[in-house]
Amino acid sequence: MLVTHSLPSDRVEELLSSIGADQACQMLERMQVIRYFEEKAEELYALGKIHGTMHLSIGQEATAVGASSAVRSGYDYLLNHHRGHGHCLAWGSDVNRTMAEFMGKEAGYCRGRGGSMHIADVERNNLGANGIVAGGVPIAPGVGLSIKLRGTDQVCLVIFGDGASNEGAFHEALNLASIWNLPVIFLCENNQYGMSMSIQRAANIERISLRAVAYGVPGETVDGNDLLAVYDAVGRAAAHARAGSGPTLIESVTYRWRGHSKSDRQAYRTRDEVKEWQAKDPIPRFARCLIEAGMLSEAEFEAVQQRAAQQIEAAVAFSDASPEPDVSTILEGVYA
Amino acid sequence: MYGGAFGVSAGLYDQFGAERVRDTPISEAAIAGACLGAALTGMRPIGEIQFMDFVTLSMEQLVLQASKVRFMFGGKASAPFVLRMPGGSGTGAAAQHSQSLENWFVHVPGLKVVMPSSAYDAKGLLLASIDDDNPVIFVEHKLLYKTKGHVPAEMYRIPLSQSHIVRQGRDVTVVATSIMVQRALAAADELAPEGIEIEIVDPRTLSPLDEEPIVESVIKTGRVLVVHEAVITGGFGGEIVSRIASSAAFDYLDAPVRRLAGRHMPIPYNRTLEYHTVPQVENIVEEARRLAQGVY
């Protein structure tokens with residue numbers, strides 16, 4: 001098992017003081033919203049209210065929120081992957097419209113045309129989740145090139161899984177971003193399984209971030225269950241990119257608590273392994289960190305959880321009340 | 001720097017500079033992805049794939065991403081880019097550098113597929129493709145690079161999805177694409193002294209197709225031959241034929257609808273074999289004559 005080091009305590013202090021208590025508590029709340037969103041998704045699926053499949057990111061919330069918080073969501077660009085509900089919510093997208101998209105409703109971000117695997121919030125530069133492994137990765141250099149040609153100080157954050165790092169497109173994209181010195185942050189969310197295949201079996205290197213060496217870009221591996229570690233690494237990569245120094249490859253090591261999708265019986269891993277990772281739950285971990293720093297009380301943590309739960313209930317009510325897409329509009333958006 | 005495998009971007013680097021005109025590594029997925037990413041964020045990139053055959057390495061970005069982003073994201077994303085690629089045989093480049101794969105893209109909603117058949121059309125269609133808010137697959141036949149024709153200096157556009165009657169005729173409609181339009185014109189010149197007048201319709205944009213001029217032409221002539229270089233099986237000709245068969249033109253048909261297309265085989269290296277793999281002028285002359293004379 002890959003060992004990731006904890007942030008030194010003085011770095012934790014430094015980060016927390018620059019983030020501030022209010023924003024730190026908002027990050028905690030966003031993680032909680034994602035957790036409850038995913039649990040609600042699972043429940044709605046069990047109730048037969050969801051038409052398709054879904055990929056849940058329970059256990060991976062710190063990577064989503066840590067990364068999005070470290071860039072300027074809405075100004076910078078995001079590309080992400082099929083396990084993307086959390087990325088969209090972490091980007092600050094509306095919970096109601098995210099839920100409505102998941103439920104296939106007209107009020108959803110994609111008017112119910114995209115669904116769980118294709119949630120995008122284009123107005124806020126979230127260029128979408130992607131149903132194809134590494135599908136979003138080669139798009140990122142194009143976004144980076146556009147930023148460069150337009151002369152803005154935006155960056156493009158592209159999130160993909162460990163499985164994607166074995167796709168050719170990942171290698172082409174990292175190389176192109178490197179030779180053109182583009183402002184792209186390649187964030188590999190290593191949840192340790194590409195469907196049923198563990199990354200240890202799928203790649204013969206200890207760290208995916210080592211692949212950065214092959215393309216002449218900085219690479220580092222962080223504890224993906226530590227929100228501050230992700231925030232720190234992505235923040236540094238963003239500063240590097242904005243300074244015109246080019247792309248970075250970050251590997252964020254986390255763990256998928258649930259199966260790959262709804263049809264997964266998880267015969268490829270043990271219950272003990274899952275339990276071991278559940279003990280590393282990123283949400284109480286960050287809450288403890290804030291409590292220790294005097295930024296949060298136990299009572300406030302409960303209030304955070306209540307607010308998060310209320311947002312999810314409201315989102316389901318909103319989505320239930322939203323109309324189905326009208327069949328007369330079926331061809332809209334095929335062509336401009 | 002090289003100007004592309006056939007020099008189609010020659011001079012652009014000197015004129016517009018290294019920021020806007022970029023050499024890329026041989027990374028077709030990344031080239032298509034870079035076009036898409038730039039297009040999604042406000043640019044209008046033009047990419048080139050060295051040979052159309054190599055677009056097989058870009059297929060994921062084109063078929064699963066670019067073609068679908070607008071629809072999949074509820075109409076809110078736009079991917080206006082053009083991907084140019086030289087296709088076709090006749091240069092002795094053999095099986096992996098000579099294919100005509102346009103119909104693969106015709107089958108994908110969300111993509112536009114454009115195939116110019118002359119220098120004049122190439123300019124007007126390319127400018128219209130650059131203006132278009134959809135991803136456009138722009139297929140150029142290598143042999144057409146060597147043809148000459150009048151091209152006005154001004155920036156004229158030829159609207160996409162507008163089929164063009166290249167030559168008027170009363171006896172046989174020939175629906176042809178790309179270089180087959182030029183071969184059909186040569187065939188028409190040979191047939192005219194025999195009193196056979198063929199009407200040539202060039203769809204120019206294969207998808208979305210402007211069907212009406214084809215249907216109207218067949219209503220006029222009652223006989224139709226569809227010609228393209230791509231392999232006949234599953235080729236664009238099948239689509240044209242079925243559109244005609246499902247249209248008002250059906251009742252006006254005086255003869256079976258005929259297709260001339262590439263044989264169901266890879267393109268051979270040997271010059272003679274290569275020549276006989278795809279339709280040539282004499283094949284069009286023969287087929288059109290038989291249709292006109294009612295011998296088939």
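Since the model is a prediction, treat every value here as computed from it, not as a measurement. (Residues numbered from 1 in each chain as written. Chains lettered and ligands numbered in written order. Predicted model: local features only at pLDDT ≥ 70, side-chain atom pairs only at ≥ 80, totals over all residues. Heavy atoms only, no water.)

**Observations regarding the interface of chain A and chain B**
Threshold: Contacts: residue pairs with any heavy atoms within 4.5 Å of one another. Buried area: the accessible surface (1.4 Å probe) lost by two parts on joining, summed over both. Salt bridges are defined as contacts in which a side-chain nitrogen from Lys or Arg sits within 4 Å of a carboxyl oxygen from Asp or Glu. Here a polar contact means two N or O atoms within 3.5 Å. Within protein one must be a hydrogen donor candidate and the other an acceptor candidate, and residues neighboring in sequence count only if both atoms are side-chain atoms. Numbering of helices and strands starts at the N terminus; helices are DSSP runs of H or I of at least 4 residues and strands are runs of E of at least 2.
Counting from both sides, the interface comprises 40 residues of chain A and, opposite them, 38 residues of chain B. In this assembly, chain A packs against chain B so that about 3,100 Å² is buried in total across both faces, 67% of it on carbon and sulfur atoms. If you sort the residues of chain A by the area they bury against chain B, Glu 172, Trp 180 and Tyr 335 of chain A come out on top, with a joint share of 20%. Along the contact surface separating chain A from chain B lie zero salt bridges. Linking chain A to chain B there are 15 residue pairs in polar contact (both at pLDDT 80 or more). Counting residues per element, the side of chain A that touches chain B draws most heavily on helix H6 (residues 139–150) of chain A, at eight residues.

**Describing the sheet that holds strand E3 (residues 112–114) of chain B**
Residue and element names in this part refer to chain B. Quick reminder of the rule: Should DSSP find at least two bridges between two strands, the strands are regarded as paired. For every element, the axis is a line fit to its C-alpha atoms; helices are fit only across the contacting stretch, and the angle between N-to-C directions ranges from 0 to 180 degrees.
With mixed pairing, the five strands of this open sheet are ordered in space as E1-E2-E4-E3-E8. Strands with a single pairing partner mark the edges of an open sheet, and in this sheet they are strand E1 (46–48) and strand E8 (205–207). With direction set aside, neighbouring strand axes in the sheet form an average angle of 25 degrees. Alignment of E1 against strand E2 (residues 82–87), held across three bridges, turns out to be parallel. Looking at E2, one finds that Gly 47 is bridged to Leu 83. Running over the sheet, helix H6 (residues 119–131) touches E1, E2, E3 and strand E4 (136–141) and is turned about 165 degrees from E4.

**Quick look at the sheet that holds strand E7 (residues 248–253) of chain A**
Consider a sheet: its strands pair through backbone hydrogen bonds, and that pairing is either parallel or antiparallel. Residue and element names in this part refer to chain A. The parallel open sheet is built from five strands, whose spatial order is E1-E2-E3-E7-E6. The two strands at the open ends of the sheet, each matched to only one other strand, are strand E1 (77–79) and strand E6 (219–223). For this sheet the average axis-to-axis angle between neighbouring strands, irrespective of direction, equals 20 degrees. Of the strand pairs in this sheet, E6 and E7 are connected by five bridges, and their pairing is parallel. Bridging across to E7, Asp 223 finds its partner in Val 253.

**Quick look at the domain arrangement of chain B**
Residues and elements named next belong to chain B. As a reminder, the rule being used: In this document the domain limits rely on a domain assignment from an automatic tool or a database. Gly falls in the polar group here, along with every residue not listed as nonpolar (Ala, Val, Leu, Ile, Met, Phe, Trp, Tyr, Cys, Pro) or charged (Asp, Glu, Lys, Arg).
Structurally, chain B comprises domain 1 (12–146) and domain 2 (164–293). Computed over C-alpha atoms, the centres of domain 1 and domain 2 are 25 Å apart. Taken together, the two surfaces of domain 1 and domain 2 that pack against each other cover about 2,000 Å², and 55% of this comes from carbon and sulfur. Among the residues of domain 1 in contact with domain 2, Asn 103, Met 115 and Ser 117 are the three that bury the most area, contributing 25% of the side total. Taken together, the links from domain 1 to domain 2 amount to twelve residue pairs in polar contact (both at pLDDT 80 or more). Listing elements by their share of the side of domain 1 that touches domain 2, those giving two or more residues are helix H5 (102–106), E3 and H6. Along the lines of polarity and charge, the residues of the side of domain 1 that touches domain 2 split into twelve nonpolar, eleven polar and three charged.

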